[in-house]
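# Fold and contact review
Each chain, written out:
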Amino acid sequence: MAQSSPEQGAVGTADLEEDSPNMIVYRKIEDIVTRIQDETEGVPIRTVKSFMSKIPSVVTGTDIVQWLMKNLSIEDPAEALHIGSLIAAQGYIFPISDHVLTLKDDGTFYRFQAPYFWPSNCWEPENTDYAIYLCKRTMQNKTRLELADYEAENLARLQRAFARKWEFIFMQAEAQVKIDRKKDKTERKILDSQERAFWDVHRPVPGCVNTTEMDIRKCRRMKNPQRVKKSVYGVAEDTQTQSPVHTHPQPSRKDTKEDVEKEILFLNTQLDRHCMKMSKVAETLMSYTEQYLEYDPFVCPPEPSNPWISDDCTFWELEASKDPSQQRVRKWGFSLDEALKDPVGRDQFLKFLESEFSSENLRFWLAVQDLKRRPLQDVPARAQEIWQEFLAEGAPSSINLDSHSYERTSQNLKDPGRYSFEDAQDHIYKLMKSDSYTRFLRSSVYQDLLLARKKPESEQGRRTSLEKFTRSVGKSLTGKRLTGLMQSS
């Protein structure tokens, strides 16, 4: 009995689904639409010639109304028009040149919706699908596919809402456009209109009734495990391939302990995942580029000349000199890496640490950097020397490490290698960056050095102008003397 209960529950769920008010209405409408499209007894579907093109697979509103009166035994044309409007409101038929889903008893052209988009397939499309559709419309240079005003407003609102995943939406729309371009022109025109009609049902024109909205009586279907949201373009994972009218739902399986643990692990991983907005990344990249702009010799020509495009190596000699320019000194303030890359900056930072009696941190960091460049046969001996000098008990230059880094380093030294001190080096680097380096930038050592580079340049500028003035005066005096001598002679 216990084994048969899930099957009975599944059958009962399917029966409830079959007997739901929506499905009863959908089945009746689909029977009528199937009869209307019958090749022998239905409405003739034809291709109409326009002035410059052809309009494929259309019928007129008058033809539909007359067929309903004839085949459904309706005497009043208004009643037939009302039934046709109800069918159109559900999206089974739609006007090809209007977003308002209603039937008119005139020569307006209508087209039948593809069974794939029928409401009986339980479509509940996401806003992501709607964003892909609108984005795809903007990529197609067709007058008939231009966005209406309300669609353009919806696209702007969705772009703001999905700012973090808009790149993914754009890629999906671009892929859909590439697929559509491979189809026949007539087929593509029909599919475009059917897709537009589908969204006119689920995202109707403002002021029109949304036939897909759920009321209290429709909320009962949410208790049905068969009802899942479907993605029109395959973006979501929970998708169906057939209508629940023709497919019996499978009984839902209860989650086991392993499933719950996997879900908890996945959610924890997502919480720890670092995410950053694309606008923030672009802003950071722009600020970085502007900061290093004057240090790029190809963008800003250096003084005295660019050694990469000339034979003058003076620029490299100035960069390697022990008397740094103001530009080099200012670069030390960008980051600790820049200060340690420059030999003069590294020496000045070491002198500052010695004044604070914490030079062992930088000396340990430099020793580990040197260890990474040592020949492999010299690494074990040098690793032991670094351990004895900085980390062993009673070491002459002991450094402060957290317990985790100390244990990892001691374990690594059982088989010493070039990267045995990696954890300890990272810890010391972060310590210097957050503490010592910020004080170094505020210290008088760095500030005096920065100002000292400005003074010689300004004094040199004044001296140069004075020399020019002296030379001009000397030339004028010499010229006057020569003139006097020539006149006296």
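In what follows, the structure referred to is the one given above.
Here the structure is a predicted model, which means the values were calculated and not measured. (Residues numbered from 1 in each chain as written. Predicted model: local features only at pLDDT ≥ 70, side-chain atom pairs only at ≥ 80, totals over all residues. Heavy atoms only, no water.)

### Brief notes about the overall build of the chain
Regarding its fold elements, the chain presents 19 helices and four strands. Looking at the chain as a whole, 35% of its 489 residues qualify as buried. The long-range fraction of contacts in the chain, counting pairs at least 24 apart against all pairs at least 6 apart in sequence, stands at 61%. Accessible surface, the chain as shown: approximately 31600 Å² in total, 54% of it carbon and sulfur. (Helix = DSSP H or I, 4+ residues; strand = E, 2+ residues; numbered from the N terminus. Buried < 20%, exposed > 50% of the residue type's maximum accessible area, 1.4 Å probe, protein only. Contact = heavy atoms within 4.5 Å. Areas by Shrake-Rupley, 256 points an atom, 1.4 Å probe, with all protein chains shown as cover.)

### A closer look at the packing of aromatic side chains
Using the criterion set out here, one finds 18 aromatic pairs in the structure. Ring plane angle 90° and centroid distance 5.6 Å describe the contact between tyrosine 295 and phenylalanine 334, whose orientation is recorded as edge-to-face. Separated by 39 residues along the polypeptide, tyrosine 295 in the loop between α10 (278-291) and α11 (314-320) and phenylalanine 334 in the loop between α12 (326-331) and α13 (336-341) bring together distant segments of the chain. Here tyrosine 295 falls in the buried class, since its relative accessible area comes to 19%. (Phe/Tyr/Trp six-rings, centres within 6.5 Å; stacked < 30°, edge-to-face > 60°.)

### Notes on the pairing of strand β4 (residues 109-112)
Bridging between strand β2 (residues 54-60) and β4 involves two bridges; their strand directions are antiparallel. Paired with threonine 60 across the two strands is phenylalanine 109, which belongs to β4. Where strand β3 (residues 93-95) and β4 come together, three bridges link them in antiparallel fashion. Bridge pairing in β4 places isoleucine 93 opposite phenylalanine 112. (Pairing = 2+ DSSP bridges.)

### Brief notes about the sheet that holds β4
The strand order β1-β2-β4-β3 describes an open sheet built from four strands, whose pairing is antiparallel. Looking at the sheet topology across the chains shown, the edges are occupied by β1 (46-49) and β3. On average, each strand axis in the sheet is tilted by 60° relative to the strand beside it, whichever way the strands run. Direction of pairing for β1 relative to β2: antiparallel, over a ladder of three bridges. Residue pairing for β2: arginine 46 is matched across the bridge by valine 58. (Axes fitted to C-alpha atoms, helices over the stretch in contact; angles between N-to-C directions.)

### What about the packing of helix α2 (residues 21-36) against helix α3 (residues 61-71)?
Running from N to C, α2 and α3 point in directions that differ by 110°, and their axes come no closer than 11 Å. Taken together, α2 and α3 sit at an angle that is classed as roughly perpendicular. Here α2 contributes Ile32, Arg35 and Ile36 to the contact with α3, which in turn contributes Trp67, Leu68 and Asn71. Its residues assigned to classes, the contact of α2 with α3 shows four nonpolar, one polar and one charged. (Parallel < 35°, antiparallel > 145°, perpendicular 65-115°, else oblique. Nonpolar A, V, L, I, M, F, W, Y, C, P; charged D, E, K, R; others polar.)

### Observations concerning the packing of helix α17 (residues 403-412) against helix α18 (residues 422-442)
Between α17 and α18, whose axes approach to 8 Å, the crossing angle comes to 150°. Within the contact between the two elements, α17 uses Ser405, Arg408, Thr409 and Asn412 and α18 uses Asp423, Ala424 and His427. Each residue belonging to the contact of α17 with α18 can be placed in one class, and the counts come to one nonpolar, four polar and two charged.

### Observations concerning helix α16 (residues 379-391)
An ideal rise of 1.5 Å per residue puts 18 Å on 13 residues; α16 measures up with 17 Å between its terminal C-alpha atoms. Listing the buried residues of α16 in full gives Val379, Arg382, Ala383, Ile386, Trp387, Phe390 and Leu391. Relative to the axis of α16, the buried residues are bounded by an arc of 145° and lie together on one face. Where the residues of α16 are buried, they touch α15 (359-372) and α17. (Expected span 1.5 Å × (residues − 1). Arc of directions from axis to C-beta.)

### Topic: unusual backbone geometry
Despite not being glycine, serine 73 has its phi angle at roughly 55°, a positive value. Within the secondary structure, serine 73 sits in the loop between α3 and α4 (77-89). Residue phenylalanine 357 is not a glycine yet carries a positive backbone phi of 60°. Along the chain, phenylalanine 357 falls in the loop between α14 (343-355) and α15.

### Describing the side chain of asparagine 154
In this fold, asparagine 154 is placed in helix α6 (residues 149-161). Here the side chain of asparagine 154 touches arginine 157 through a polar contact of 3.0 Å, side chain to side chain. Non-local contacts of asparagine 154, meaning those with residues more than four positions away in its chain, are made with Tyr130 and Leu134. (Polar contact = N/O pair within 3.5 Å; in protein donor to acceptor, adjacent residues only side chain to side chain.)

### What to know about the nonpolar core
One finds Phe349, Leu362, Phe364, Phe421 and Met432 to be the most contacted residues of the largest nonpolar core, which totals 35 residues. Within the residue set of this core, elements represented by two or more residues are α13, α14, α15, α16, α18 and α19 (444-488). Those residues in contact with methionine 432 that lie beyond four places of it in its chain are Leu336, Phe349, Leu353, Asn361, Leu362, Trp365 and Tyr437. Core analysis: the second largest hydrophobic core is formed by 23 residues, Ile74, Ile93, Tyr110 and Cys122 among them. (Core = buried A, V, L, I, M, F, W, Y, C linked by side-chain atoms within 4.5 Å.)

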